[in-house]
Amino acid sequence: LPLNLLFGYLAKTAFQLTVLLFLISASTQHQLLRDIPCDDPNCLTCDDAETVCQQCNTGFFLDDPQCSACNTKVPSCKECQQDGTCTLCDPGFFVDGLLCSACSKTVQHCTTCSTDGQTCTACDDTYQINTNLCCSAALPAECLLCTADGDKCATCAKGFYLADGVCVECSKVSPRCVECSVDG
């Protein structure tokens, strides 16, 4: 075998080997970029080959190819399904369709509510719960029920009548009056 043919054969073989190694390397790199390693702290379970995340930890969802926090898809979302659908919102919010809405959306001045947003369980500092409304703490005791905005009275106790959102003593109408009608 002539020497120049031997060098040509070796050069061709070396080139083919280089191309083969390049293709193997590129394929491996592509696979690594596509898959989530099981040592990902947000990955709960992986496939049998331990290369592809199949389920994320609570508070994360599978956002191909990685686990992402629930609140990256739905602001104020605390827990979600693997597809990112929110199931539990942060305190002060409730699941409202595909979003998290503030408790104050359904009850003004409400800071904490039930998961469906229908029942207020805590109000702003200067308000207090009264029949699922947040009523101003400044309203007098004779105010039995406040308006939806929480700043005026809607229903007064016996011996009082309502005048422009304020409870007025019946005795203010007449000194001997203990019970009066709505208009005084």
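These lines cover the structure that appears in this document, whether it is placed above or below.

## Quick look at the overall build of the chain
So, step 1. Within the chain one finds two helices and 16 strands.
So, step 2. Relative to its full complement of 184 residues, the chain shows a buried share of 28%.
So, step 3. Long-range pairs, those at least 24 residues apart, make up 11% of the contacts in the chain between residues at least 6 apart in sequence.
So, step 4. Element-wise, carbon and sulfur atoms account for 58% of the exposed surface of the chain, whose accessible area totals about 12,000 Å².

## Observations regarding the pattern of salt bridges
So, step 1. A complete count under the given rule lists one salt bridge for this structure.
So, step 2. Residue K105 pairs with D96 through a salt bridge whose shortest N-O separation is 2.5 Å.

## Brief notes about the pairing of strand β1 (residues 43-46)
So, step 1. Both β1 and strand β2 (residues 53-56) contribute to a ladder of three bridges, which runs antiparallel. Bridging from a neighbouring strand, C46 pairs with C53 of β2.
So, step 2. As consecutive antiparallel partners, β1 and β2 are separated by six residues, and within that stretch E50 has a phi angle of approximately 55 degrees, a positive value.

## Observations regarding the pairing of strand β12 (residues 133-136)
So, step 1. Pairing of strand β11 (residues 127-130) with β12 involves four bridges; the strand directions are antiparallel. From the neighbouring strand, N130 faces β12, where its bridge partner is L133.
So, step 2. Between β11 and β12, which follow one another and run antiparallel, lie two residues, and T131 among them has a positive phi close to 50 degrees.

## So, the side chain of S101
So, step 1. Looking at the secondary structure, you find S101 in strand β8 (residues 99-102).
So, step 2. Taking the relative accessible area as the measure of exposure, S101 reaches 10% and is therefore buried.
So, step 3. In this structure the side chain of S101 is engaged in a polar contact, spanning 2.8 Å, whose partner is the side chain of D96.

## Concerning the side chain of S136
So, step 1. Within the fold, S136 resides in strand β12.
So, step 2. Judged by relative accessible area, which is 12%, S136 ranks as buried.
So, step 3. What S136 contacts, discounting residues up to four positions off in sequence, is T126, Y127, Q128, G150 and D151.

## Describing the nonpolar core
So, step 1. Counting residues in hydrophobic clusters, the biggest one holds nine residues: F94, C103, V107, C110, C113, C120, C123, Y127 and C134.
So, step 2. Those elements giving two or more residues to this core turn out to be β9 (110-113) and β10 (120-123).
So, step 3. Not counting residues within four places of it along the chain, the set of residues in contact with C120 comprises V107, C110, T112, C113, I129, N132 and C134.
So, step 4. In this structure, V74, C77, C89 and C100 belong to the second largest nonpolar core, which totals eight residues.

## Here we look at the environment of Q82
So, step 1. Mapped onto the fold, Q82 is located in the loop between β5 (77-80) and β6 (86-89).
So, step 2. Between the alpha carbons of Q82 and C67 there is a distance of 9.2 Å; along the sequence they are 15 residues apart.
So, step 3. A polar contact is formed between the side chain of Q82 and the backbone nitrogen of C56, at a distance of 3.0 Å.

## What about the state of the cysteines?
Defined simply, a disulfide is a covalent bond joining two cysteines at their sulfur atoms.
So, step 1. Enumeration according to the criterion identifies 11 disulfides in this entry.
So, step 2. Residue C56 pairs covalently with C67 via a disulfide, S to S 2.2 Å. Torsion about the S-S bond of the C56 and C67 cystine: about -85 degrees, corresponding to left-handed handedness. Taken together, the residues span a long stretch of sequence, with C56 in strand β2 and C67 in strand β4 (residues 66-69) at a distance of 11 residues.
So, step 3. The partner cysteine of C156 in its disulfide is C167, sulfur to sulfur 2.2 Å. With the S-S dihedral at roughly -95 degrees, the linkage between C156 and C167 falls on the left-handed side. Placement of C156 in strand β14 (residues 153-156) and of C167 in strand β16 (residues 166-169) is noted, with a sequence separation of 11 residues between them.
So, step 4. Here C167 falls in the buried class, since its relative accessible area comes to 10%.

Conventions and cut-offs
Residues numbered from 1 in each chain as written. Predicted model: local features only at pLDDT ≥ 70, side-chain atom pairs only at ≥ 80, totals over all residues. Heavy atoms only, no water. Helix = DSSP H or I, 4+ residues; strand = E, 2+ residues; numbered from the N terminus. Buried < 20%, exposed > 50% of the residue type's maximum accessible area, 1.4 Å probe, protein only. Contact = heavy atoms within 4.5 Å. Areas by Shrake-Rupley, 256 points an atom, 1.4 Å probe, with all protein chains shown as cover. Salt bridge = Lys/Arg side-chain N within 4 Å of Asp/Glu carboxyl O. Pairing = 2+ DSSP bridges. Polar contact = N/O pair within 3.5 Å; in protein donor to acceptor, adjacent residues only side chain to side chain. Core = buried A, V, L, I, M, F, W, Y, C linked by side-chain atoms within 4.5 Å. Disulfide = S-S within 2.5 Å.

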